[in-house]
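# Remarks on the overall topology
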Amino acid sequence: METEVLYSNFKSEEYFINMGPQHPATHGVLRLLLTIDGEIIKKVEPDLGYIHRSIEKMCERDSYQQIVHLTDRMDYLSANINNEAVCLAVENALQLEIPERVKVIRTIIGELTRIASHCLWWGVMGMDVGALTTYFYGFRDREMINDIMEETCGARLTMNYNVPGGLMLDIHPNFVNRVKEFVAHFKTKLPEYDRLLTGNVIFQKRTVGVGVLSREDAISFGASGPVGRASGYSCDVRKHHPYSAYDRVTFEEALRTEGDTYARYLVRIQEMWESLSIVEQLIDNIPEGEHRVATNAVIKLPKGEYYQKVETARGELGVYIISTGTKNPYRLKFRSPGFSNLSLLNHIAVGGKIGDLVATMATLDLVIPDIDR
Amino acid sequence: MPLRITENIHNWLFSVMPEGVASLVEMTLIAVVYLTIFAVAGLFLVLLERRVAAWFQLRIGPNRVGPQGLLQTMADAIKLLTKELTGTEKADKFLYNLAPYFVIISALMALAVIPFSAEFHAFDINIGIFFLIAISSIGVIGILLGGWSSNNKYALIGAMRSGVQTISYELSVGLSLLTMVVITGSLQLSEIIEVQKSGWLILQGHIPAAIAFMVFMISGTAETNRAPFDMVEAESELGAGFHTEYSGMKFAYFFLAEFINMFIISAIAATVFFGGWLSPFGITESIPELGVFWFLLKTMALVFLMMWFRWTFPRLRVDQLLTLEWKYLLPINLVNLVLMALLVWLNLTLRL
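From a predicted model like this one, the values you see are computed outputs, not experimental measurements.

### Comments concerning the overall build of chain A
Counting secondary structure elements, chain A contains 15 helices and 8 strands. In terms of overall dimensions, chain A is globule-like: its C-alpha atoms have a radius of gyration of 21 Å, near the 21 Å expected for 373 residues. Dimensions along the principal axes, computed over C-alpha positions, put chain A at roughly 75 × 50 × 35 Å. The buried share of chain A, reckoned over its 373 residues, is 51%. In chain A, the proportion of contacts linking residues at least 24 apart, taken out of those at least 6 apart, comes to 69%.

Structural data, given as structure tokens:
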């Protein structure tokens, strides 16, 4: 880092400190075992398992419709995108023809979820670097999306809106108007985010050049989502392997090359703008049609292996299903973005201060249930 | 009016008791009055902070207990009083219990020399400014003791940061006030205010005074350990910092002391830069009773400024904090001091 110890008359001693499982900066029950020399981080070892619920094992017991419900509880901030991943995997395996209407609605809801997730992240990011006010600004805007979700499917956080074959319900008649209202509202509020935090000198001092991740490391650690893109690694699943309606919208993949905390921050801010533009492109032309195609009540996937990946707010979520032709998967593996993003924490946090670790961790945007499952 | 009441009490006390006892009783009475001010001001400032924070954060803030939530902090204080005092087994009991008193007593002692108005001024000692600077640095001993004796690593890191921070920023607080003392030629607070009858010092000293004021507010915020310099209890990094292991009223002492210190820093700034209890341009000079009002108005404006800092700025990192002090504020301050000396020497100060 910028302060280099040239010589020291004092014998310093490394010590060990527990950060978590109950700690404000870990946003959940993540435990970090820190080895510190004064304030300088020497080693970070994440200790997982405090919220492990064996979701993957439960999937082997459940039917495919039931599995969708479990995915809400993984990355609860992009619950709807998780649902979509499993539904897409099942639909592709069954080779179902999904109505256009469903694809468009899924895309809109997915992007709204992404904005909601980034709003929360932005608030928490500010809080982690000490600006408490951002939290409330982020939640104000997230609240509007939650209200839209509530009206659409009855739930605010764990939506369960997708089912294999389409959507559980058709959209509410107010949906289009309310989404447009939100887009107009958020377009005036997003510059406010920049005024409050992005341009702040202290914030830039805290983030620029902190926790630098090179492109090579990003790829070798399996970083995805904003974390990978901030290091210049073009890894947007929506762009490279379009699903749902992403092939018919134009949007820019937020890419930066600096790879530091500030770059990760800017990537997420830009993603919010891109998501808004995607929603705007689709909201006026939702095709008419069915909101769901009929599937068998008991879905049995043909024997084989299936993989589907989607871009959640945190990165690439992969669903890998091995089916033996029964009503349950033989094995279902989630490739969660948070897990690989956490794995690089030690790599980028060593040498920084405790404050740097907190800021870095905030831009990795960890959701612990996603990592532990 | 206030003068007459206190004088009457003074005369009555000395008429009914021997001299030594009377002055002891008098001192106790003054102390009781100041303790009351201390408690009320602390509680009021906590409430103000919460309302201001709510205002910044699109919330309403406490508004249920009493009219407009006025009794909220009172209720909180009662809750803290009735709470069990928990502590750690391995704490150094003596120092652990002693630490809160260092913090609260130093804050209280500083309050004693603050000139609320011409008459409402407990001790007008001739080294007023010096006394304030000296006393306000005693509080850090309490924080260091608290952090050390809690036997908690988070508390220790917090205390360590506090030591580093307060010792560094002490210099800037002292030097920026010293810059103003060059104009006044006196350390006595009543003298300093007397000088400002021909214009507030921030106007008299124009450029160097404005710089000194900015430096003072920055380093004053740092010395009270408030955001953006709240390294000491950076909650996202250290949990609660040095007072992690404190509970109940001991915690409340640290908490109240923080707010009183904020009040004291603002009060010093109001006194030294903005004429203390003097009215702007002497508009109410004929009514000296309004002195308290003007003093509190100025102080509250500065308190609000400090709250504004807190609720809009992110927190600095600990090394950046030291960089700011040693590489920027201190050199600026030293140059500023010379500039002010030149200004006074060449008689370039503005006087009405």
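### Details of the overall build of chain B
Scanning chain B from terminus to terminus reveals 14 helices and 0 strands. Listed N to C, the secondary structure of chain B is α-α-α-α-α-α-α-α-α-α-α-α-α-α in terms of helices and strands. In terms of C-alpha radius of gyration, chain B reaches 21 Å, essentially the compact-globule figure of 20 Å for 352 residues. In terms of principal-axis extent, the alpha carbons of chain B reach across some 60 × 60 × 45 Å. For chain B, buried positions account for 45% of its 352 residues.

### Comments concerning the domain arrangement of chain B
Accessible area lost when the parts come together is the quantity often used to give the size of an interface. Residues and elements named next belong to chain B. Taken as a whole, chain B is organised into domain 1 (1–82) and domain 2 (88–345). Taking only C-alpha atoms, the centre of domain 1 and the centre of domain 2 are 20 Å apart. Counting residues at the interface gives 18 residues for domain 1 and 21 residues for domain 2. Of all the elements in the fold, those that place two or more residues in the side of domain 1 that touches domain 2 are helix H1 (2–16), helix H2 (19–56) and helix H3 (72–82). Split into classes, the residues belonging to the side of domain 1 that touches domain 2 amount to 15 nonpolar, 2 polar and 1 charged.

### Description of the interface of chain A and chain B
With 26 residues of chain A in contact, the opposing surface of chain B contributes 23 residues. Among the elements of the structure, helix H4 (100–128), helix H5 (133–153), helix H7 (201–207) and helix H14 (354–364) of chain A are those that each provide at least two residues to the side of chain A that touches chain B. Residue classes in the side of chain A that touches chain B are distributed as 12 nonpolar, 7 polar and 7 charged.

### Comments concerning the nonpolar core
All names here are of chain B. With 195 residues, the main nonpolar core has Ile260 and Ile264 as its most contacted residues. Broken down by element, this core gets its largest block of residues, 18 residues, from helix H12 (residues 248–273). Split by domain, the residues of this core number at least three in each of domain 1 (1–82) and domain 2 (88–345). Setting aside residues no more than four positions away along its own chain, Ile264 makes contact with Ala107, Ala110, Leu111, Ile114 and Ser136.

### Quick word on the packing of helix H7 (residues 153–184) of chain B against helix H10 (residues 206–223) of chain B
Each pair of packed helices gets described by two things: the angle between the helix axes and the distance between those axes. Residue and element names in this part refer to chain B. Across the interface, H7 lies against H10 with an axial gap of 8 Å and an inter-helix angle of 155°. The angle between H7 and H10 falls in the class roughly antiparallel. Crossing handedness for the pair H7 and H10: left-handed. Across the interface between the two elements, Gln165, Thr166, Tyr169, Glu170, Ser172, Val173, Ser176, Leu177, Thr179 and Met180 from H7 touch Pro208, Ala209, Ala212, Val215, Phe216, Ser219, Gly220, Ala222 and Glu223 from H10. Considered class by class, the residues forming the contact of H7 with H10 number 10 nonpolar, 7 polar and 2 charged.

### What about helix H6 (residues 139–149) of chain B?
Residues and elements named next belong to chain B. Taking burial as the measure, the 11 residues of H6 include 10 buried ones, the bulk of the element. For H6, the set of buried residues is Gly139, Val140, Gly142, Ile143, Leu144, Leu145, Gly146, Gly147, Trp148 and Ser149. Buried-residue contacts for H6 involve helix H4 (93–112), helix H5 (128–136), H7 and H12. Downstream of H6 by a residue or two, Asn151 has a phi angle that is positive, lying close to 60°.

### Describing unusual backbone geometry
Residues and elements named next belong to chain B. In this structure, Leu58 takes a positive phi of about 60° despite not being glycine. Relative to the assigned elements, Leu58 resides in the loop between H2 and H3. With a phi close to 55°, Gln68 is a non-glycine residue in the positive phi region. Along the chain, Gln68 turns up in the loop between H2 and H3. Taking the number of C-beta atoms within 10 Å as the measure of exposure, Gln68 has 13 and is therefore partly exposed.

### A few points about the packing of H7(B) against helix H14 (residues 318–345) of chain B
Residues and elements named next belong to chain B. The interhelical angle for the contact between H7 and H14, taken along N-to-C directions, is 15°, at an axis separation of 9 Å. Between H7 and H14, the angle falls in the class roughly parallel. Judged by the twist between their axes, the crossing of H7 over H14 is left-handed. Residue composition of the contact of H7 with H14, grouped by class: 18 nonpolar, 7 polar and 2 charged.

### Examining the sheet that holds strand S1 (residues 15–19) of chain A
Residues and elements named next belong to chain A. Taking strand neighbours across the sheet as the criterion, the 3 strands line up as S1-S2-S3 in an open arrangement whose pairing is antiparallel. Sheet topology places S1 and strand S3 (40–47) at the edges, where each strand pairs with a single neighbour. For this sheet, the mean inter-axis angle between neighbouring strands, taken without regard to orientation, is 25°. When S1 meets strand S2 (residues 31–37), the two strands line up antiparallel, connected through 5 bridges.

### With respect to the sheet that holds strand S8 (residues 329–335) of chain A
All names here are of chain A. Read from one edge of the open sheet, 3 strands run S6-S7-S8, paired in antiparallel fashion. Here the strands that pair on one side only, and so sit at the sheet edges, are strand S6 (304–311) and S8. Within the sheet, the average angular offset between the axes of one strand and its neighbour, ignoring direction, is 15°. Judged from the 8 bridges that link them, S6 and strand S7 (residues 316–323) form a sheet pairing that is antiparallel. By the bridge assignment, Glu311 is partnered in S7 with Glu316.

### Concerning the pairing of S7(A)
Residues and elements named next belong to chain A. A loop of 4 residues connects S6 with S7, the two strands running antiparallel in sequence, and Gly315 in this loop sits at a positive phi of about 145°. Of the strand pairs in this sheet, S7 and S8 are connected by 6 bridges, and their pairing is antiparallel. When the bridges of S8 are listed, Ser323 appears paired with Pro329. Where S7 folds back on S8, the antiparallel hairpin that results is connected by 5 residues, among which Gly325 adopts a positive phi of roughly 95°.

Rules behind the numbers
Residues numbered from 1 in each chain as written. Chains lettered and ligands numbered in written order. Predicted model: local features only at pLDDT ≥ 70, side-chain atom pairs only at ≥ 80, totals over all residues. Helix = DSSP H or I, 4+ residues; strand = E, 2+ residues; numbered from the N terminus. Rg over C-alpha atoms; globule rule 2.2 N^0.38 Å. Buried ≥ 20, exposed ≤ 12 C-beta atoms within 10 Å, placed from the backbone. Contact = placed C-beta atoms within 7 Å. Domains from an automatic or database assignment. Nonpolar A, V, L, I, M, F, W, Y, C, P; charged D, E, K, R; others polar. Core = buried A, V, L, I, M, F, W, Y, C linked by C-beta atoms within 7 Å. Axes fitted to C-alpha atoms, helices over the stretch in contact; angles between N-to-C directions. Parallel < 35°, antiparallel > 145°, perpendicular 65-115°, else oblique. Left-handed = near helix turned anticlockwise from the far one by under 90°. Pairing = 2+ DSSP bridges.

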